[in-house]
Amino acid sequence: MAPTTVVRLQTVTEALRGLTAPTEVTVVSQASRENVLLQTLSCNLSAFRQKLLQDPDILTLRQLRENVMTQFTLPLNSDDIVWNFVAEALVLLLCLKQAMIDVLAQFTPPKRNPKSPECAPPLSPDTLSISQQKTVQSALQFVVTLGICPYLLPGVGVPLRCRSEFAVTVEKMVGHFMPADGTWRLHTVTQVLLTIAGHPSLESLVFSGHLGDLIASLCQLGYLPIKGQQDSVLGKGLPGYRASQKGLTEDERHGCKEALRKTLDQVYQPNVIKELLILQGGTKQVARARSGPTQTIRQAPAWLRRLCGQFLSQALMKPHGVQAVVRGILEGAGAGLAGGRSAEAAASDWRKCDAVARILASCPQQCLSVADYYQQVCPQVIELFHMMDTLTARQFQRVATTTLLSMVKEQPNLADRHLLRPLLAPLVTCLRTEGMAEESGQEEVVIVGELELTRSVEDVYKVCVVGNDPLPRLMESLEGVIRAIFNLYCFTKQGVSHLRTPCQEILLWFFQKSETKVALQMLKQLAGLLPLIPSLQPLNQFTAGSEGGVKLISKRTVSDDDEVLYGKVYWDQWRAECLADLLSSLKESNIAGDFFIECLKGLACLAGGANCTSAPNCTGDLPDLQQQQLITVQLVAVMCEKIGHSVFSNTVQVIEFIVATLERSCMSMVHRTEEMVEAQTLSMGMGLIAAMLGGAVQLTSKDFVAMKSMLSLLTQLSATHPDPVIQELASDLRITIATHGAFSTQVVSEAAHCTMGNKTEGANRCIDPGRAAKASAVIEDREVSTSDMAVQPEARSSSSSQFHHIFEAAFDPEVSTRAAAIRTLTQLIQQHNPDALRNQEKILTVFLENLNHEDSFVYLSAIQGVSVLSDMYPARILPELLNKYQISPEETEKKQSVEARMKIGEVLMRSTRALGDCMPFCHGKD
């Protein structure tokens, strides 16, 4: 930079410093602050002009000043000292701008030294130093405070008394000397400031601190309504007001409108939004000056409020306008670039976020149609979910969630089209896309990327779980993608992924907030109990992403059919376990118990055989029926294992469970498929009924209404069941339920006491001991009933023919008959039956032979029998077991040997556990 250039820039800034710097003046002791300020301005102005005429070092500035004054009409010698000061400051600022232009025009950047490429390039010659910037800011502050604020109408902008102590002094000083040409002065100062802001180096200095005042001035100059006497409005209500003022021409007003439009488009939009909101004001604003009492700001005039509303609507409709509006409102609360503690404090102030959301959800009056507004704004609302900065993301996501829910509530159809569908599109793609790898010829094609799928799941989580407002249209849209979310949840449980928790929370929220009918229907679909479109296309599958997420890919057809079948079976089993895990988290609600009962009703197909099509989950087609039966049994087993008895949350569910048990028993009798398990389940169910009627729980009228469905089933059992004890108990239970417990027979009472564990007390109350024994046998699981034989408790006493019949049944090829016979033999040994004691060697042989049976029901029954014999005769039974199952090393790799070792291990564990302290005396034969 040439020396002369430095002098020219430095000369202008030093002249501005001399004009605006405070100086010592002679002050009378009783002088007010405004008089002191007026004397200071007058002294500084006189000193500057004197120096301008006498100092030869600023000759270049004097020449530049004369050139600038020929371009702008700025009277510098009026009777108003304040205006003369403002005009002189404006002239110097214009000189500074022109000097910066000339300097830049003469500047030739030096060639870059290739030996030091890391060196930074030289600064532009029009760059101001920090001290020079402070000087310019001080001059601008004087110009705006003395040349714009005094001429704004009441209600337009923030009054001087609410700004600072210096501004209060300025208001008192200029209020007594309000000129007649106030409109012209306001127009002149505004235009000069906009001219100065035209230079890039000065633009930020002008707009960063004085944007609101410039917008207020342009609004008043360009849009103040003309009612014949425009000038009579300016200064109304202010001290020293004079009505004869000069107004603006139509061209000048149009120029102000264009300048305002350009300014609103040019400046950083969040700042524009913030200033427009301040300018628009409310019904009443309250502000506190730096010192002094709280001040009440006058309400903005109606024309200004309408104008600011129009500008805000236009800003909202621009690209990224939604984000600009949100930033403009929230940045003042600490959500801006500064962040820090103020941002953390503002993150908890959700009321401001909700207010912004209400603004965004309401279509402005200036918009042509609601549909156009939603089409332009909704994509920007979705973008708010994806803010990267953690401090701003919390507020922006709160605004986005509340806005989306408000839009769904006010305009369901438009919100579904422009908000919910784009939000759920990646999840919908997971269900509808066909195999793309076959079409493209590639081995693997990515259908839904990791980032896309992650954003979709996280956005749904924010809207549903965090927003927590189950609107009908939201629930309907979410229902369409629940299967995809469940598949994603099942996949994430196989490994580590940050999507597992949001998927689980979404599923739990959906089932908790949905109606029971909808939730049960969806659970059946997820379990595969209803015919539907496959949850995933056969050639599509999830795979882990590189950032801990998941992506959906499409592969070519797998040629190995066994691998496909194994994968399908494994996936179905895994889905059942994942579904049970979800239901275990819903134990406190009724949905888990209701779904368990629905699965039990589906077991009616098993009881009725392949021709059963009346059950809720049966379709009638044999392959589908078998598949659904398999899934139902698997679900019941997994739920029993993972949830257990806590699946039922109320008495009505227990009653429905008993009804399902009775229905299955009746179906078994109709189709003659009754087995021992069915008989034991029926005994358990009827025992539960008796216990409930006997006082185990406090029954209400609602419970008795639910029990009415049992009446027809109990009638059928009392008429068709082969066991007379079951017939009698069913008949008595039907009478007790029909009378709401007013009449209860002795059989029901004894069954209730036996079920609740009060057998002794119940027996003492019996009128007929034989009848009580019958009822007790019905409730206990010792009662055995099969389709081929029925062993009654009365026949277990001493009949040799009955014993031999049971002994022969232990070799029956039918699994249920053999298992029932083995369990009956075990019970006879426990009861010290004479026939059983005489034939205990044969019975031990039967037990040992059945340990090798492939069916778990048979060999577990045999294990139980061996453990009973071991308990009674430990010294003789245990050594025989050890000798029988000694396996040579050559046979250790055989499957049969491994299974035999597992079974004998379980026998030995149960036997040694039963021996207790007798165990040390059983090692005679090692």
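Note that the coordinates shown come from a computational prediction; the quantities given were computed from them, not determined experimentally.

Rules used in this analysis
- Residues numbered from 1 in each chain as written.
- Predicted model: local features only at pLDDT ≥ 70, side-chain atom pairs only at ≥ 80, totals over all residues.
- Heavy atoms only, no water.
- Helix = DSSP H or I, 4+ residues; strand = E, 2+ residues; numbered from the N terminus.
- Buried < 20%, exposed > 50% of the residue type's maximum accessible area, 1.4 Å probe, protein only.
- Areas by Shrake-Rupley, 256 points an atom, 1.4 Å probe, with all protein chains shown as cover.
- Arc of directions from axis to C-beta.
- Core = buried A, V, L, I, M, F, W, Y, C linked by side-chain atoms within 4.5 Å.
- Contact = heavy atoms within 4.5 Å.
- Axes fitted to C-alpha atoms, helices over the stretch in contact; angles between N-to-C directions.
- Parallel < 35°, antiparallel > 145°, perpendicular 65-115°, else oblique.
- Left-handed = near helix turned anticlockwise from the far one by under 90°.
- Pairing = 2+ DSSP bridges.
- Expected span 1.5 Å × (residues − 1).
- Bend = angle between axes of the 7 residues up to and from the residue.
- Salt bridge = Lys/Arg side-chain N within 4 Å of Asp/Glu carboxyl O.
- Nonpolar A, V, L, I, M, F, W, Y, C, P; charged D, E, K, R; others polar.
- Polar contact = N/O pair within 3.5 Å; in protein donor to acceptor, adjacent residues only side chain to side chain.

Draft legend 1. The arrangement of the overall build of the protein chain in detail. When its secondary structure is counted, the protein chain shows 42 helices and seven strands. When the 926 residues of the protein chain are sorted by exposure, 48% land in the buried category. Only carbon and sulfur atoms are counted for the fraction: they give 52% of the accessible area of the protein chain, which is about 45500 Å².

Draft legend 2. Spatial organisation of helix H36 (residues 800–809). Those residues of H36 that fall on the buried side of the exposure criterion are Phe803, Ile806, Phe807 and Ala809. Projected onto a plane normal to the axis of H36, the buried residues spread over an arc of 160° and lie on a single side. Turned more than 90 degrees away from the buried face of H36, the exposed residues are Ser801 and Glu808.

Draft legend 3. Main features of the nonpolar core. Residues Leu193, Leu478, Phe595, Leu662 and Met710 are the most contacted members of the largest nonpolar core, which totals 216 residues. With 16 residues, the single largest contributor to this core is helix H4 (residues 81–106). Apart from residues no more than four positions distant in its own chain, Leu193 is found in contact with Leu90, Leu140, Val143, Val144, Ile148, Val206 and Leu214. Judged by nonpolar contacts, the second largest core, of 25 residues, contains Ala810, Ala819, Tyr859 and Ile863.

Draft legend 4. The side chain of Thr632, seen in detail. Position of Thr632 relative to the elements: it lies in helix H27 (residues 622–642). Once residues lying within four places of it in the same chain are set aside, the contact partners of Thr632 are Leu529, Cys599, Gly602 and Leu603.

Draft legend 5. Structural context of the packing of H4 against helix H7 (residues 182–196). In the contact formed by H4 and H7, the axes pass within 10 Å of each other and the chain directions differ by 20°. With respect to H7, the axis of H4 lies roughly parallel. H4 and H7 meet at a crossing whose hand is left-handed. On H7, the residues touching Trp83, Val86, Leu90, Leu93, Leu94 and Lys97 of H4 are Trp184, Arg185, Val189, Val192, Leu193, Thr195 and Ile196.

Draft legend 6. Seen up close, the environment of Asn67. Structurally, Asn67 can be placed in helix H3 (residues 59–71). Its relative accessible area of 47% is what places Asn67 among the partly exposed residues. Spatially, the C-alpha atoms of Asn67 and Cys95 are 8.8 Å apart, while their sequence positions differ by 28 residues.

Draft legend 7. Region of the structure containing the pairing of strand E5 (residues 550–555). In this sheet, E5 lies alongside strand E3 (residues 444–448) in antiparallel orientation, the contact comprising four bridges. Paired with Val446 across the bridge in E5 is Ile553. Where strand E4 (residues 540–544) lies against E5, five bridges are found, and the strand directions are antiparallel. Bridged to Thr543 within E5 is Lys551. Between E4 and E5, which pair antiparallel one after the other, the connecting turn spans five residues, and Gly548 there sits at a positive phi close to 85°.

Draft legend 8. Inspection of helix H17 (residues 412–432) at higher detail. For H17, built from 21 residues, the straight-helix expectation of 30 Å at 1.5 Å per residue is missed by more than 12%, its first-to-last C-alpha distance being only 24 Å. At Ala425, H17 shows its maximal bend, which comes to roughly 55°, and the proline Pro426 appears one to four places after that position. Three or more residues of H17 are buried, namely Leu414, Ala415, Asp416, His418, Leu419, Leu420, Leu423, Leu424, Pro426, Leu427, Cys430 and Leu431.

Draft legend 9. Region of interest: the pattern of salt bridges. Per the stated rule, a full pass over the model turns up 15 salt bridges. Here Asp459 ties to Lys462 by a salt bridge, and the two come within 4.0 Å at their closest N and O atoms. Residue Asp459 and its partner Lys462 are located together in helix H19 (residues 450–466), separated by three residues, close to a single helical turn. By relative accessible area, Lys462 is classed as buried at 14%. By sharing partners, the salt bridges in this structure join Glu258, Arg261, Asp265 and Lys318 into a single network.

Draft legend 10. Just the packing of H36 against helix H37 (residues 815–830), in detail. For the pair H36 and H37, the least separation of the axes is 8 Å and the interaxial angle reads 135°. The orientation of H36 relative to H37 falls into the category oblique. In this structure, H36 meets H37 at a crossing whose hand is left-handed. When H36 is examined against H37, the residues Phe803, Ile806, Phe807 and Ala809 are found in contact with a partner set consisting of Thr817, Arg818, Ala821, Thr824, Leu825 and Leu828. In terms of residue class, the contact of H36 with H37 is made up of seven nonpolar, two polar and one charged.

Draft legend 11. View of the side chain of Lys524. Note on placement: Lys524 falls in helix H23 (residues 516–527). A residue is classified by how much of its surface remains accessible, and Lys524, at 9% relative accessible area, is buried. A polar contact is formed between the side chain of Lys524 and the side chain of Glu598, at a distance of 3.0 Å.

Draft legend 12. The sheet that holds E3, seen in detail. Read from one edge of the open sheet, three strands run E3-E5-E4, paired in antiparallel fashion. Looking at strand neighbours, the two that pair on one side only are E3 and E4, the edges of this open sheet. Strand-to-strand twist of the sheet, defined as the mean angle between neighbouring strand axes without regard to direction, takes the value 45°. Sitting on the sheet, H17 touches E3, E4 and E5, and the angle it makes with E3 is about 135°.

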